[in-house]
Amino acid sequence: MKITHIKAVFYSATGNTETVVMTLAKALSAKLGAELECFDYTLPASREGTKQYGPTDLVVFGTPVYAGRIPNKMLPYVQSGFAGHDALAVPVAIFGNRNFDNGLIELRNELEAHGFHTIAGAGVPTEHVFSSKLAPGRPNEEDLAALEVFAGKIAEKVLAMTEIPEPIQVRGDDPVGPYYTPLGTDGKPAVFLKAKPKTHPDQCDKCGKCAQVCPMGSIPADAPDTCAGICIKCQACVKSCPTNAKYMDDPAFLSHVAMLEENYTRRAEAEWFL
Ligand SMILES: Cc1cc2nc3c(=O)[nH]c(=O)nc-3n(C[C@H](O)[C@H](O)[C@H](O)COP(=O)(O)O)c2cc1C
Ligand code: SF4
Ligand code: SF4
């Protein structure tokens, strides 16, 4: 099958999904001699209209996993923003060392429902945005090398393909199961839906960086030490603040982080579906 374009698509609040998707997409572009294009839908201004694809495109579509699924605030855009028109696609679920649960199968199903043909898929562990004790430093060199090997196998599959295969079989519940309920150290649900980042007033110099990176557009540019809208706990503001002024202190959120650190520091492996 002749592919002329590799199209990398991702939402990535703190950069892990971008690194994984771009590594895979660049390797595919080189192996198939296809032009590389990139679409980052992290910021609200980018999430407009519907992108059109076609049968000579191979789309590497990445999402981080939030609560075992596609981030729920991004799901409406994933469902309305992309029309495949028989493009090939590789769904990739990036997760923070706990589990990708139903995130990959949900992404596969959404792509198939919107005109894409999924030919491969992957669940890729990375450092958790809530704690650097989970998969510290990942994706590392070894992870990136494994993504290049996977790209080689996908390229071979594409070159040998004479007709559109069945949707790729991936791990997960079909129909897609419920969101994962975050637990605290007491084993009970940790309810932190309404938690928002706080700002150390003496550390904030009002540079505005956090306002620029918030995927929900919830940090006002003229009052970046506040959070005026919905917070999805993505940590983009916390991680991007040059003076470490932003922090989360919600007790239920911190209890969930402690639970993750108690139970999920073991090494998670990537899962490849081809
Ligand atoms: C709100 C939220 C929920 C998350 N839920 C999960 C989860 O269920 N399982 C998991 O392994 N990682 C989970 N993570 C971790 C992210 O999937 C992981 O850190 C990923 O690398 C973030 O991607 P990014 O750097 O592209 O933003 C969650 C992160 C956030 C912000
Ligand atoms: S990035 Fe940090 S220092 Fe800059 S405005 Fe935001 S909280 Fe203040
Ligand atoms: S305010 Fe919430 S949604 Fe916005 S960048 Fe910070 S953690 Fe993410």
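Refer to the structure above for everything that follows.
Quantities reported herein were computed from a predicted structural model and do not represent experimental measurements. (Residues numbered from 1 in each chain as written. Chains lettered and ligands numbered in written order. Predicted model: local features only at pLDDT ≥ 70, side-chain atom pairs only at ≥ 80, totals over all residues.)

### Observations concerning the overall build of the chain
Along its length, the chain carries seven helices and 11 strands. Over its C-alpha atoms the chain spans a radius of gyration of 19 Å, differing by no more than 12% from the 19 Å that the globule rule assigns to 274 residues. Structurally, the chain occupies a C-alpha span of about 60 × 40 × 35 Å along its principal axes. Within the chain, buried positions represent 43% of all 274 residues. Restricting to contacts in the chain with at least 6 residues of sequence separation, those with at least 24 account for 78%. (Helix = DSSP H or I, 4+ residues; strand = E, 2+ residues; numbered from the N terminus. Rg over C-alpha atoms; globule rule 2.2 N^0.38 Å. Buried ≥ 20, exposed ≤ 12 C-beta atoms within 10 Å, placed from the backbone. Contact = placed C-beta atoms within 7 Å.)

### Examining the site of ligand 2
The environment of ligand 2 is made up of 14 residues, and the closest members are Cys 204, Cys 207, Cys 210, Pro 224 and Cys 241. Each residue belonging to the shell around ligand 2 can be placed in one class, and the counts come to six nonpolar, three polar and five charged. (Near = placed C-beta within 6 Å. Nonpolar A, V, L, I, M, F, W, Y, C, P; charged D, E, K, R; others polar.)

### Regarding the packing of helix H1 (residues 16–32) against helix H4 (residues 141–160)
Where H1 contacts H4, the two axes come as close as 8 Å, and the packing angle between them is 45°. Here H4 runs oblique to H1, going by the angle between their axes. Crossing geometry of H1 relative to H4 is assigned as right-handed. For the pair formed by H1 and H4, the contact residues are Val 20, Thr 23, Leu 24, Ala 27, Leu 28, Lys 31 and Leu 32 on the first element and Leu 144, Leu 147, Glu 148, Phe 150, Ala 151, Gly 152, Ile 154, Ala 155 and Val 158 on the second. When the residues that make up the contact of H1 with H4 are grouped by side-chain class, the tally is 12 nonpolar, two polar and two charged. (Axes fitted to C-alpha atoms, helices over the stretch in contact; angles between N-to-C directions. Parallel < 35°, antiparallel > 145°, perpendicular 65-115°, else oblique. Left-handed = near helix turned anticlockwise from the far one by under 90°.)

### Observations regarding the site of ligand 1
Lining the immediate surroundings of ligand 1 are 25 residues, of which Asn 16, Thr 17, Pro 64, Gly 96 and Arg 98 lie closest. Contributions of two or more residues to the shell around ligand 1 are made by H1 and strand E6 (87–95).

Note that every value here comes from positions in space, so none of it alone points to a role or purpose.
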